[in-house]
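Observations on chain architecture
Here is how the chains run, residue by residue.
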Amino acid sequence: MEAQIFGVIAVLLGVTFNQVFALNYELGKTYRYNYATQLEISEGQESMLGAVGVHLSTQADVAVVWQNTQNDQDILLQITLHDTRLFNATKREDNENTYLSQSPILQAVSSHPIFAHWNSGKVSNLFASSADTTSSLNVKKGVASLLQVQTSDGKATEVDGSGECTVSYTNQDNIIRKTKDLSSCRKPASSEEFSHHKAIIGVTIQSDSQTTFELSDDKSIIQSATSTENYRTYVNIRHDLSSAVKSSQSLTFVSSEDGAKTIQGDSVEGAVASAGGEFINEDLENDPVEQQCTEECKSAAEVVAGVRDALTFENLSKMKSASAYLQVLEAFRGSSQETIQEILNDDANGDILPQLLDVAGATQTQAAFDAAMSILDFKNEELERTLERFLVVVAYSNHPSQDVFTFLWELLKDDGTANENVKMTLALTLGMMINTNCATEDKCQTQSVQDALSWFYDGLKSESAETRILCLQALKNAVQPASIAAITGLLDAEEDMTVIEVGLEALEKFKPEYFTSQVNRVLNTLYHQSRRPVSIVVQKLAVTSILGKNPSEQDVVNVVLSIPHQARLELAKYVISKVLQMTEKDSQAGETVRRALRNQAVGNYYNLGQDGFSTAYKNILADTVNAMVDFDINILFTGAGLLRQSNFDVLMHAAGESMMVLQVRLMNAMVDYDINILFTGAGLLRQSNFDVLMHAAGESMMVLQVRLMNAMVDFDINILFTGAGLLRQSNFDVLMHAAGESMMVLQVRLMNAMVDFDINILFTGAGLLRQSNFDVLMHAAGESMMVLQVRLMNAMVDYDINILFTGAGLLRQSNFDVLMHAAGESMMVLQVRLMNAMSNFDVLMHGAGLLRQSNFDVLMHAAGESMMVLQVRLMNAMVDFDINILFTGAGLLRQSNFDVLMHAAGESMMVLQVAGYSKGLEYFFGEETGGDDEAGAGLGVQLLDMQLRPLNMVAGTSDLMSMAWNLGSASGSSYPALQGIMLLHDHVQKISLQSGFDVDFTLHGGASVDLGGSLDFSLWDRTSTTIVYNSGAVAIKGSTKVVTPFLRTGLDFHAEASGVINFITDVQFSTLPPMFCLQMMQEPLKYRNHVNVYEQLTRSVNKYEAKAVRQTKIKDLSFKLMDENSPNCHEMFGKEEEEDSGWW
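Conventions used here
Residues numbered from 1 in each chain as written. Predicted model: local features only at pLDDT ≥ 70, side-chain atom pairs only at ≥ 80, totals over all residues. Heavy atoms only, no water. Helix = DSSP H or I, 4+ residues; strand = E, 2+ residues; numbered from the N terminus. Buried < 20%, exposed > 50% of the residue type's maximum accessible area, 1.4 Å probe, protein only. Salt bridge = Lys/Arg side-chain N within 4 Å of Asp/Glu carboxyl O. Axes fitted to C-alpha atoms, helices over the stretch in contact; angles between N-to-C directions. Parallel < 35°, antiparallel > 145°, perpendicular 65-115°, else oblique. Left-handed = near helix turned anticlockwise from the far one by under 90°. Contact = heavy atoms within 4.5 Å. Nonpolar A, V, L, I, M, F, W, Y, C, P; charged D, E, K, R; others polar. Phe/Tyr/Trp six-rings, centres within 6.5 Å; stacked < 30°, edge-to-face > 60°. Expected span 1.5 Å × (residues − 1). Polar contact = N/O pair within 3.5 Å; in protein donor to acceptor, adjacent residues only side chain to side chain. Core = buried A, V, L, I, M, F, W, Y, C linked by side-chain atoms within 4.5 Å. Pairing = 2+ DSSP bridges. Disulfide = S-S within 2.5 Å. Arc of directions from axis to C-beta. Patch = residues over 30% accessible without salt bridge, like charges linked within 9 Å, V, L, I, M, F, W, Y side chains within 5 Å. Areas by Shrake-Rupley, 256 points an atom, 1.4 Å probe, with all protein chains shown as cover. Lys, Arg positive; Asp, Glu negative; His and termini not counted. Charge placed at Lys NZ, Arg CZ, Asp CG, Glu CD. pLDDT = per-residue confidence, 0-100.

Take the overall build of the protein next. In terms of regular secondary structure, the protein is built from 24 helices and 43 strands. Buried positions account for 54% of the 1144 residues belonging to the protein.

Here you go:
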């Protein structure tokens, strides 16, 4: 009985709160509606340019002409449009009114009716007159879409102009709201639409769609319907390169009348057939409309002729070449093989043929590729540089065809290249194309892709080291998780140090989640040299991956505990710097390192206080509206004090723009100490040396220096006050004399505070020091503090150290206690407490844009309280750079990496890596570094996540001696690593609106680059200078336009940027330890953004156009690097030159 009662209640509640009802359009009746749709295109932000677009209004007659006798919800609607007119989408003066002189009635939308099959609130299909135009039909489909409505809550699948989409309904009385999930919309795939699989150089499109229905009082028909659709597009690395599309529709009931002519038929199809005329069955999706080119149309040959001067070699890495490249790219994509082939063979284009081949390789059509192949012979050694350049361009394809991949794969497999250099570049290109293809599962599983991967895996087992290196480099570009097992297996058994180095570099490309315990085991084996000795570079690469990827806490502990036992002292110093750098990183690896260092047996001075020049350094380089740039420097020196390796990472934003907007130095006070104790044969204290150094804010200070000896003691005090009576400097020296010699027992320097001290000294009858009390009190800011309290006794000494770090790895508190024991008693000789205190930081922000947002919170805790020291908000993309420099013990550059990484849209990408290296030069200085390579030097380049073929500057002892006796490089010229123009952004998308209009959005970005370096090395002068130059220009061209034959309207933007960054390493090794100076300098950077909105009816002389040009120029910069670098640069180049050229 109770169950029945609850059932009745449930039914009643359901009826009350979720009434189900149906619309009822009556057979033989015509319902008249006013219909309007408006489309606006703008920059999507506050802009003086405003919006362009169109407002279309018409009268729609909806007649019910057929009804299923078995189901009154299954009907056929005849929709006819009358009196269609166009207006401005926004208010505008008459002299700017595009539509003022148009014909009163728009003939482009015909009066041909359409029949819509309407069943229970859904339009399943419609029938259109064969005489109707595509654009006219699409407008009518937009009207029919507003007649789709469900009267019950819930989700449904509907088809309209946007495709097949998921919609959600909510019903409240006679108001129904429909929300369409535009991201769910599916429509037939088109080869003309594509995007980049790397979001970081792609675009983001945000969208939403809402429709509100108001039903008549009796809920039988739609009284009104209003719909809005919004799209916003922006470039991920530069959000101000954006556009917005706003579409709205409205349908308002006017009246109804009887007398509509009905048609007969057993089915919908039969009824339409009986209506007379020829009708075609259609769905509600927009049909593609082709917009014919008008007065701006040019042939591909005309486009090339117009930009020929801009494409010359002299203009490489300049903005004009990047912009011209994009113009030719668009022309080539619509051209046939014969047309492109004629352009390539034209003698007038001979000087720009390499640049035209750059375009052909990026066009990504079979016609363009075949045209290029008609003049390229892969067996011709004279074309080596041209072939390699073309292959690099093809490697950056974002939608490569399977035919092109198969052609290149067979070329590699059949050894169809001119020499080993072209073969290496071909393998690297295929690796990059595998990475692109495997971004989608179906392309990754094609036979040619899988065959190529298998070939590379098999090559790791080859007896030839060159083949193993080639396959490792290809797999490094492919970045397929399945290859990790093969790479680690090779590393486990490999003996050749160069092969191991390449394998470790390949592993570094993978994300942290792929570094399993098995992978870390291999890395630890190499770093700790558990099975065999390895080169210093192998150790450095292994420990970098161990710490930076996915270390266990025990991995970190083992690395830190190994530091004091490293025979290669500069490697030990490098590892220390890397460990401390990791404590500053907001990552899982950083947290693991911080947790390991909290253990006092690990995070102590014995392990982390090794001396040397090697360092790991990271700082912010630049910050703009959509970018934050910081840099990371890691420097490794050899035991002789020579630079062994340096890593420099830079994160850049916004089409090559970089600037110093925010530079923050956060450092914790660090104390290290050195203790040496000497006893006599009788067990008495003979001598005790105790040195305490404090490092903070980039400076070092001798906190305490104590020498204890059995001897006579005297002291000397000198005090200097300022004119204001404040203590300027206080010197307190304690000297001990014994065995005819003198020794400084204690030397204290106090500055910039009021200080008083109390000294009590007790000697034995024999003149030996029995006890010495020295108390120093400092007074400042109304407070007093015991700066130093020392008790010296002739006794046994021990010490106790306790160090506490915060969760961020910063020093929280350090206790250092020294106890002396004599005559059965113990005494606290020295007690030092170091604590973090309240601090303030100043943040400097400047540059081309306003800071958008960055979250960077620094909290410091002291005396039981907490304080927000720094809070910064940065957003959008982020760019940082990393420098790693590794020197040999003789001061020769072993390896130098300059890495630029970009982070945006949740992804990271290696924008640029230029690696200078040398090998085999240690022999000349009698140093052994674990390798047996022949003398050599060169450059390696990784650009946009692609490893390029290394460039050898010196190969063999003969080349080296030639450079040495020529006081540098024989030619004195630079070595280009990469010169050319390549495709960055490549996005084409059709935005189909429910209103029936289509909007085409296209984005292309090109980079014109000139990368390389020079090496001057002289045994005669014992100097070396390495210059890595990075000059480039980026152009990004975007278009958002309506596709319709009767109207030309939209927005274009064209952004350009150019800049040069040079990284210079100077080394003087005439004395040991050698002197080194690192400099990173940026030449003035230019940025321009042209925006144009336009609106014009076809065959109309009236045209509205508005333009804006935004320009930014950033002055040249010389970036400050690590503090250890500054004194060397002072010494080598002099203060005057430093002030003229910048600051270090």
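What follows picks up the thread again.
The next thing to look at is the pattern of salt bridges. Overall, the coordinates contain 29 salt bridges when judged by the stated rule. Ionic pairing is found between D492 and R521, a salt bridge with its closest N-O pair at 2.9 Å. Of the two residues, D492 sits in helix α15 (residues 484–493) while R521 sits in helix α17 (residues 517–527), which places them 29 residues apart along the sequence. The partly exposed category is assigned to R521, whose relative accessible area is 31%. A salt bridge links E591 to R598, with the shortest nitrogen-to-oxygen separation between them at 3.6 Å.

Time to look at the packing of helix α18 (residues 536–548) against helix α19 (residues 553–562). Helix packing for two helices is described by the angle between their axes and how far apart those axes are. Where α18 contacts α19, the axes come no closer than 10 Å and their chain directions differ by 140°. Comparing the axis directions of α18 and α19 gives the class oblique. Helix-helix and strand crossings are classified by hand; for α18 and α19 the assignment is left-handed. Within the contact between the two elements, α18 uses V543, I546 and L547 and α19 uses D555, V556 and V559. Across the contact of α18 with α19, the residue classes break down as five nonpolar, no polar and one charged.

Turning to the packing of aromatic side chains, a few remarks are in order. Within a pair of aromatic rings, the relevant descriptors are the distance that separates the centres and the angle that separates the planes. Summed over all chains, the structure comprises 11 aromatic pairs. Ring centres 5.6 Å apart and planes at 70° place the aromatic pair Y33 and F253 in the edge-to-face group. You can see Y33 sitting in strand β1 (residues 29–42) and its partner F253 sitting in strand β11 (residues 238–258), a full 220 residues away along the chain. Like Y33, the residue F253 is buried in the burial classification. For the pair F510 and Y514, a centre-to-centre distance of 6.3 Å together with 75° between the ring planes defines the contact as edge-to-face. Here F510 falls in the buried class, since its relative accessible area comes to 2%. A residue is classified by how much of its surface remains accessible, and Y514, at 34% relative accessible area, is partly exposed. Through successive ring pairs, a cluster of aromatic residues spans Y25, Y31, Y33, W118 and F253.

Moving on to helix α11 (residues 420–437). With 18 residues, α11 ought to run about 26 Å at 1.5 Å a step, and its terminal C-alpha atoms sit 25 Å apart, in line with that. When you tally the buried positions in α11, you get 16 out of 18 residues, the bulk of the element. Looking at where α11 begins, the residue whose side-chain oxygen comes 3.1 Å from the main-chain nitrogen of N421 is N419.

Grouped together as the largest cluster of nonpolar side chains are 204 residues, with contacts concentrated most on Y25, I222 and F456. A per-element tally of this core places α11 first, with nine residues.

A word on the pairing of β1. Counting buried residues in β1 gives 11 out of 14 residues, a clear majority hidden from the surface. Of the strand pairs in this sheet, β1 and β11 are connected by 14 bridges, and their pairing is antiparallel. Note on β11: the bridge partner recorded for T37 is Q249. Bridging between β1 and strand β2 (residues 52–68) involves 12 bridges; their strand directions are antiparallel. The residue of β2 that forms the bridge with A36 is S57.

Here we take up the state of the cysteines. Per the stated rule, a full pass over the model turns up three disulfides. The side chain of C165 participates in a disulfide bridge whose partner is C185; the two sulfur atoms lie 2.0 Å from each other. Disulfide C165-C185: the torsion about the S-S bond is 115°, which places it as right-handed. With a gap of 20 residues between them, C165 in strand β7 (residues 163–172) and C185 in strand β8 (residues 175–186) connect regions that are remote in the sequence.

What follows deals with the environment of N1030. Its place among the elements puts N1030 in strand β38 (residues 1023–1043). Take N1030: its relative accessible area is 8%, and that puts it in the buried class.

In an α-helix, one full turn covers 3.6 residues, which means residues spaced three or four apart are oriented alike. Taken as a whole, helix α6 (residues 337–345) has its buried residues at I340, I343 and L344. Burial along α6 is one-sided: seen end-on, the buried residues are contained in an arc of 100°. Exposed residues lying more than 90 degrees from the buried face of α6 are E338 and E342. Summarising the contacts, the buried residues of α6 are in contact with α4 (300–306), α5 (319–333), α7 (353–363) and α8 (366–373).

Judged by side-chain charge, E338, E342, D346 and D347 come together as a negatively charged surface patch. Along the polypeptide, E338 turns up in helix α6. Overall, the relative accessible area of 52% leaves E338 in the exposed class.

Attention now moves to the confidence of the model for the protein. Taken as a whole, the protein shows an average pLDDT of 76; of its residues, 65% reach a score of 70 or greater. A low-confidence stretch, residues 640–647 (pLDDT under 50), is modelled with 77 contacts involving residues beyond four sequence positions or located in other chains. A low-confidence stretch, residues 651–674 stays under pLDDT 50, and its non-local contacts, those more than four residues away or across chains, total 130 contacts.

For the rest of this paragraph, the subject is the sheet that holds β8. Ordered in space as β6-β7-β8-β9-β10-β11-β1-β2-β3-β4-β5-β12, the 12 strands form an open sheet in which the pairing is antiparallel. Because the sheet does not close on itself, it has two edges, and the strands there are β6 (154–160) and β12 (279–282). Sheet twist, expressed as the average angle between the axes of neighbouring strands with direction ignored, equals 25°. Across seven bridges, the pairing between β6 and β7 is antiparallel.

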